[in-house]
Amino acid sequence: MISLEICIDATNAADTAQDVGAAYAGGAATVELCADLATQGLTPANALVRVARAAFGQRRGLMVMIRPRAGDFVYTPAEVALMQTQIEQAAEAGADGVVFGLLVPTATGYAIDLPNTALLTQAAKRLGLKVTFHRAFDELPIQPHAHEWLDQLIALGVDRVLTCGAAL
């Protein structure tokens, strides 16, 4: 059976409730709640996470984007600290999981920011949340490293990876 995940742009309470309710009625296994999808998604307001939780009922699978700003996926220490706070707030608001991706620049492009990905993954796991590494994965030089990147994320405890797909 194919499971369906719906990404929802949480802009206001009424639309969020309606959109999440429609995803629930349509059988979505998971909902990824974001703000400002035009910028590939940012962390939604806590009040909208609570609205989404109510609309999605007790079904597991309410995932919340953790991304403090638009642009690249290279974050300052202050932004990583904010992301940790956003993870805690998402858990308090009823999220089942969080979605994030952190990179560091290299001479050949980017690599996974392993220390900060580990920090945020551990914070999420302590709160009982699932962790998805988002499409920052698509910014990595896939060949010949795809399996290496995946192995690193698995070792950190990441549950899922979102990608547009690449030949491994």
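Residues numbered from 1 in each chain as written. Predicted model: local features only at pLDDT ≥ 70, side-chain atom pairs only at ≥ 80, totals over all residues. Heavy atoms only, no water.

A. Up close: the sheet that holds strand 3 (residues 62-65). As summarised here, the arrangement of the six strands in space is 1-2-3-4-7-8, forming an open sheet in which the pairing is parallel. Every other strand in the sheet has two partners, leaving strand 1 (5-9) and strand 8 (160-161) as the edge strands with one partner each. In this sheet, strand 2 (residues 30-34) lies alongside strand 1 in parallel orientation, the contact comprising five bridges. Bridge assignment links Glu5 to a residue of strand 2, and that residue is Thr30. (Pairing = 2+ DSSP bridges. Helix = DSSP H or I, 4+ residues; strand = E, 2+ residues; numbered from the N terminus.)

B. Quick look at the layout of surface pockets. There is about 260 Å³ of room inside the largest pocket. If you trace the largest pocket, you find 14 residues lining it, with Glu32, Gln40, Met65, His134 and Arg135 closest to the centre. For the lining of the largest pocket, the per-class residue count stands at seven nonpolar, two polar and five charged. (1 Å grid on protein atoms, 1.4 Å probe; cavity = no way out; pocket = protein on both sides within 12 Å on 5 of 7 lines; lining within 4 Å. Points joined across faces, edges and corners; volume = space filled by probe spheres on them. Nonpolar A, V, L, I, M, F, W, Y, C, P; charged D, E, K, R; others polar.)

C. How the structure looks around the packing of helix 1 (residues 13-25) against helix 2 (residues 46-56). Put simply, helix 1 and helix 2 touch, their axes get as near as 8 Å, and they point 35 degrees apart. For the element pair helix 1 and helix 2, the recorded crossing hand is right-handed. Contact with helix 1, carried on its side by Ala13, Thr16, Ala17, Val20, Gly21 and Tyr24, involves Leu48, Val51, Ala52, Ala55 and Phe56 of helix 2 and no other residues of that element. In terms of residue class, the contact of helix 1 with helix 2 is built from nine nonpolar, two polar and no charged. (Axes fitted to C-alpha atoms, helices over the stretch in contact; angles between N-to-C directions. Left-handed = near helix turned anticlockwise from the far one by under 90°. Contact = heavy atoms within 4.5 Å.)

Spatial relationships are all this shows, so hold off on functional conclusions.
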